[in-house]
Amino acid sequence: MAEHEHVRVAVIGSGFGGLGAAVRLRREGITDFVVLERAGSVGGTWRDNSYPGCACDVPSHLYSFSFAPNPDWPRSFSGQEHIRAYLERVTDTFGLRPHLRFNAEVKRMTWDAERLRWDIETTGGNWSADVVVSATGPLSEPKLPDVPGLDTFPGKVFHSARWDHDYDLRGKRVAVIGTGASAIQIVPSVQKQVEKLTLFQRTPAWVLPRMDRPIGAAERAVHRALPVTTKLRRGLLWGIRELQVQAFTKHPGELGFVEQLAKRNMARAVKDPALRAKLTPDYRIGCKRILLSSTYYPALAQPNVDVVASGLTEVRGSTLVAADGSEAEADAIVFSTGFHVTDMPIAERVVGPEGKTLADVWSGGMQALRGASAAGFPNWMTIIGPNTGLGNSSMILMIESQLNYMADYLRQLDVLGGRVALDARPSAVRAWNHRVQERMKRTVWNTGGCTSWYLDASGRNTTIWPGTTAEFRRATRRVDLAEYAVLRAADARPGTGAENAEVAA
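Below is a summary of the structure that appears in this document. (Residues numbered from 1 in each chain as written. Predicted model: local features only at pLDDT ≥ 70, side-chain atom pairs only at ≥ 80, totals over all residues. Heavy atoms only, no water.)

Here a disulfide denotes one covalent bond, and it connects the sulfur atoms of two cysteines. Inspection of every chain in the model, using the stated rule, returns 1 disulfide. Between cysteine 287 and cysteine 450 runs a disulfide, and the two sulfur atoms are separated by 2.0 Å. Taking the sign of the torsion about the S-S bond as the criterion, the disulfide between cysteine 287 and cysteine 450, at about -90°, is left-handed. Here cysteine 287, found in the loop between helix H8 (273–279) and strand E11 (291–292), pairs with cysteine 450, found in the loop between helix H13 (444–447) and helix H14 (469–475); they are 163 residues apart in sequence, far enough to count as distant. An identical accessibility class is assigned to cysteine 287 and cysteine 450; each is buried. Counting only cysteine sulfurs, cysteine 56 is the nearest neighbor of cysteine 54, a cysteine outside any disulfide, at a range of 8.9 Å. (Disulfide = S-S within 2.5 Å. Helix = DSSP H or I, 4+ residues; strand = E, 2+ residues; numbered from the N terminus. Buried < 20%, exposed > 50% of the residue type's maximum accessible area, 1.4 Å probe, protein only.)

Take a look at the structure:
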């Protein structure tokens, strides 16, 4: 590898996970680190997703770091621009900018078994690091379906996460492909501008009202003057969601009442029984992520909107053909088709000591010890790793738990001393994954009768955590050295060899 700079820790990505890791490193007294970011600014998914109507479906005071409360959230559910501004403030408040390396997309990370370090090649230079913390996130690489004939489409085509703000949708015939969290925000945001909007719906979603409202100046002033009120508000929001977990994980039948609320929400806005039939799911609510919107159904009921209850299967010039044979003309196609979640592209760029990539090891399904460490990849950790996702609460809670684990991991390396690395034992990874998958069997995500992005190609749920956030925090409070092999660099003096020695933990 060409000349490089060595750091103790390299963090990949500058979204919530990467910035959170950077803050925690500084709070632990570690300043010898870089944050490698492929773009030109921080923000992660809240930088990349700037489509019309983009907002969070988790309440603002819960969707923020506990160590960086924001008393000035303008709405109970914040928009993309407010969340991105919050992340910029976190970057400045905690002095992270000297550690940021923009336009440095990681192309390859290779473990050097002799030196016990990671060699990292990026588009902005090369680094080596004792420890890598991968915080690229599961919602970073857009997923585009392979649609025959798409290359013949004469109009504009883009993914919701790569919105083309230079393209004017006014007066156009627009096709939106997908009915997930981004689509239900895009549709009502553009419906009034376009001549015709055609929504290609492969599977309808359960949608509850979005109880959003402005947070007034007086309310914000109270939060500023009395920080404890912000903490109490966050605690209440967290507690309510913790109490909901059992319905998702152990008693999915209890969610029937919520289904009735969702049906009433639809009935209030959609009077046409044929359209209601198209929009009514045939699976248990919660199997896919429950969506929040008070404007989606009213938009679908407008005369310039057509819902095609079938997926897009072919494009013939400007004609879009659905699986049921119906056709629609379009000037622009917006794909709201999600991301590479269970097959994260970053895994193809992580190369272990035997030359295998993480993608090779995960070809049968992702799994990592406590959602962080993959066997065979020493001193490599991931934030928002396998089975750390949530179906009803804030991912910031899970990120902070993983930051606790990262901090103790680094402390353990210090205690062990010298040139040392920790490699998750395959038996420990298997045992952890077995416990997770056994618990998953009863959950609504596995039993609800749907196919969701939570499931990988083999139908295994490698995405969601089947418990409360409090349980996960307890499970990641400390690193158990018995779950790791301790690798030490052998004496590298001439004639002694430089092989690594594995030491019992």
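Evaluation of the coordinates by the stated rule reveals 30 salt bridges. In this structure, aspartate 72 engages arginine 224 in a salt bridge whose closest nitrogen and oxygen atoms are separated by 2.3 Å. Of this pair, aspartate 72 sits in the loop between helix H2 (45–48) and helix H3 (80–93) while arginine 224 sits in helix H5 (residues 217–225); the two residues are 152 residues apart in sequence, bridging distant segments of the chain. Close ionic contact of glutamate 314 with arginine 316 constitutes a salt bridge, the shortest N to O distance being 3.2 Å. (Salt bridge = Lys/Arg side-chain N within 4 Å of Asp/Glu carboxyl O.)

This next bit is on helix H12 (residues 426–440). Compared with the 21 Å implied by 1.5 Å per residue over 15 residues, the 21 Å span of H12 between its first and last C-alpha is a close match. Every buried residue of H12 is accounted for by Ala428, Val429, Trp432, Asn433, Val436, Gln437 and Met440. Buried positions in H12, seen along its axis, are confined to an arc of 160° and lie on one side of it. Where H12 is buried, its residues meet strand E19 (420–424), H13 and H14. (Expected span 1.5 Å × (residues − 1). Arc of directions from axis to C-beta. Contact = heavy atoms within 4.5 Å.)

Paired through backbone hydrogen bonds, the strands of a sheet run either parallel or antiparallel to each other. Strands sit in the order E13-E14-E15 across an open sheet of 3 strands; the sheet is antiparallel. Across the chains shown, the open sheet's two edge strands, defined by having one partner strand only, are strand E13 (312–316) and strand E15 (327–329). Adjacent strand axes in the sheet meet at a mean angle of 25°, parallel and antiparallel pairs treated alike. (Pairing = 2+ DSSP bridges. Axes fitted to C-alpha atoms, helices over the stretch in contact; angles between N-to-C directions.)

Turning our attention to the sheet that holds strand E16 (residues 332–335). In spatial order, the strands read E7-E16-E8-E9-E12; together these 5 strands make up an open sheet with parallel pairing. With one partner strand each, in any of the chains shown, strand E7 (156–159) and strand E12 (305–308) form the two edges of the open sheet. Ignoring which end each strand starts from, the neighbouring axes of this sheet average 15° apart. Pairing between strand E8 (residues 173–177) and strand E9 (residues 196–200): 5 bridges, direction parallel. In the sheet register, arginine 173 faces E9, and the bridge partner there is lysine 196. Lying over the sheet, helix H4 (residues 183–190) contacts E8, E9 and E16, oriented at roughly 165° with respect to E9.

This part is about H4. Counting buried positions along H4 gives 7 out of 8 residues, so the element sits mostly inside the fold. Every buried residue belonging to H4 is among Ala183, Ile184, Gln185, Ile186, Val187, Pro188 and Val190, and all of these are buried. Buried residues along H4 sit in contact with E8, E9, E11, helix H9 (296–300) and E16.

Further remarks concern the pairing of strand E2 (residues 33–36). With burial as the criterion, each face of E2 is covered, one bearing Phe33 and Val35 and the other bearing Val34 and Leu36. In this sheet, E2 lies alongside strand E1 (residues 5–12) in parallel orientation, the contact comprising 4 bridges. Of the residues in E2, the one forming a bridge with alanine 10 is valine 34. Taken together, E1, helix H1 (residues 16–27) and E2 form a β-α-β motif whose crossover is right-handed. Relative to strand E3 (residues 100–101), E2 runs parallel, the two being bridged by 2 bridges. (Right-handed = clockwise from strand over helix to strand, strands pointing away.)

Time to look at the environment of glutamate 219. Along the chain, the position of glutamate 219 falls in helix H5. For glutamate 219, a relative accessible area of 26% puts it in the partly exposed group. Between the alpha carbons of glutamate 219 and arginine 276 there is a distance of 39 Å; along the sequence they are 57 residues apart. Of the polar contacts made by the side chain of glutamate 219, one reaches the side chain of arginine 233; its length is 2.8 Å. (Polar contact = N/O pair within 3.5 Å; in protein donor to acceptor, adjacent residues only side chain to side chain.)

A separate point is the environment of valine 334. With respect to the element layout, valine 334 can be found in strand E16. Residue classification places valine 334 among the buried residues on the basis of a relative accessible area of 1%. With 151 residues separating them in the primary sequence, valine 334 and alanine 183 have C-alpha atoms 9.0 Å apart. The residues contacting valine 334, other than those within four sequence positions of it, are Phe158, Ser160, Trp163, Val174, Ala175, Val176, Ile177 and Ile186.

Before going further, it helps to spend a moment on the nonpolar core. Burial of nonpolar side chains together is a common tendency in soluble globular proteins. Core analysis: the largest hydrophobic core is formed by 107 residues, its most contacted members being Phe16 and Leu300. Beyond its immediate stretch of four places on either side in the chain, phenylalanine 16 contacts Trp46, Tyr63, Ser64, Phe65, Ile83, Tyr86, Leu87, Ile396 and Ile399. Among the nonpolar cores identified, the runner-up in size contains 28 residues, and Ala10, Ala347, Leu358 and Ala368 belong to it. (Core = buried A, V, L, I, M, F, W, Y, C linked by side-chain atoms within 4.5 Å.)

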